[in-house]
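Close look at the chain arrangement
As a plain string of letters, each chain reads:
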Amino acid sequence: MAIIEMTDQEKALLDLAYTDGERILEGKLFDYQEKALAELRAGMAYLKERYPNEELEVISFQPSSKKGCVELQFIQPGLDEVEYLLKNENGVYIDNFYDVPYEKEYDGLVEEILKEGGITARAYTTFPFLISDEIKSGKDLMDRRPHLGRTAELFINAASLPSYEDAGALSKKVQELFEENGIYGSGMIFFITGLKDFDEMDVLQLDAYARNRKNLRSIVSVTFQCFQVKK
């Protein structure tokens, strides 16, 4: 059994993965745990290299000996505390953080597409699938992966609640615009009335407002989906 020099974070993550008590915290590792430490360090180095401008913190780790692949869960500390995933499958890293650095740019592009089609809305898009592609901009995300599944939320500051027919017609229009611009996925449109701070709120605040049950009487929602794109 070797005694390995490790950071406090590495000790904590290995201890969480193996629950071996004080031995790991003292730096005493079995051979298979040394391999796991190498996997952990490689994954953390990958995140730092791929996202050099982002502060990321690994909060849990599963070595290949346990699940057949390496998994690291990580967050952006001090922000929304959403958990993201990095996996190493057969030597290839995939993750679901790739859109986060460019989400405002990407959603701005979606809003421009809608505006050109006569719809004024705020957009909030999430990309849940893990990929290995290197994404460098919001436009890159839209142009290079048009068939990558995503979930879009659209928030419309409505003067009054629309009828079922009007909401359905606008949903169909959104679907057509997404098809014409190669945007693949599904989503929901929220028509919100009586919200004085609509323009000042960010999309996460609008999302929280739209999903709060006490606000349901001032909101109409309708879904849309686009799985056949023309672009």
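Up top you'll find the structure we're talking about.
Right, let's walk through the structure included here. (Residues numbered from 1 in each chain as written. Predicted model: local features only at pLDDT ≥ 70, side-chain atom pairs only at ≥ 80, totals over all residues. Heavy atoms only, no water.)

What follows covers the overall build of the chain. The helix and strand tally for the chain stands at 8 helices and 10 strands. In summary, the chain has a C-alpha radius of gyration of 22 Å against a globular reference of 17 Å for 231 residues, an excess of more than 25%. Dimensions of the chain, computed from C-alpha atoms along their principal axes, come out at roughly 70 × 40 × 30 Å. Counting over 231 residues, the chain shows a buried share of 45%. (Helix = DSSP H or I, 4+ residues; strand = E, 2+ residues; numbered from the N terminus. Rg over C-alpha atoms; globule rule 2.2 N^0.38 Å. Buried < 20%, exposed > 50% of the residue type's maximum accessible area, 1.4 Å probe, protein only.)

Looking now at the packing of aromatic side chains. What the rule picks out here adds up to 12 aromatic pairs. Centre to centre, the rings of Y46 and Y93 are 4.3 Å apart; their planes meet at 20°, and the pair counts as stacked. Of this pair, Y46 sits in helix 3 (residues 31-50) while Y93 is found in strand 6 (residues 92-95), placing the two residues 47 residues apart along the sequence. R122 extends its terminal NZ or CZ atom over the ring of F198, reaching a point 5.9 Å from the ring centre. (Phe/Tyr/Trp six-rings, centres within 6.5 Å; stacked < 30°, edge-to-face > 60°. Lys NZ or Arg CZ within 6 Å of the ring centre and 35° of its normal.)

Here we come to the environment of T223. Along the chain, T223 falls in strand 10 (residues 219-226). With 55 residues separating them in the primary sequence, T223 and G168 have C-alpha atoms 8.6 Å apart.

Although it is not a glycine, N90 adopts a positive phi angle of roughly 55°. In this structure, N90 sits in the loop between strand 5 (84-89) and strand 6.

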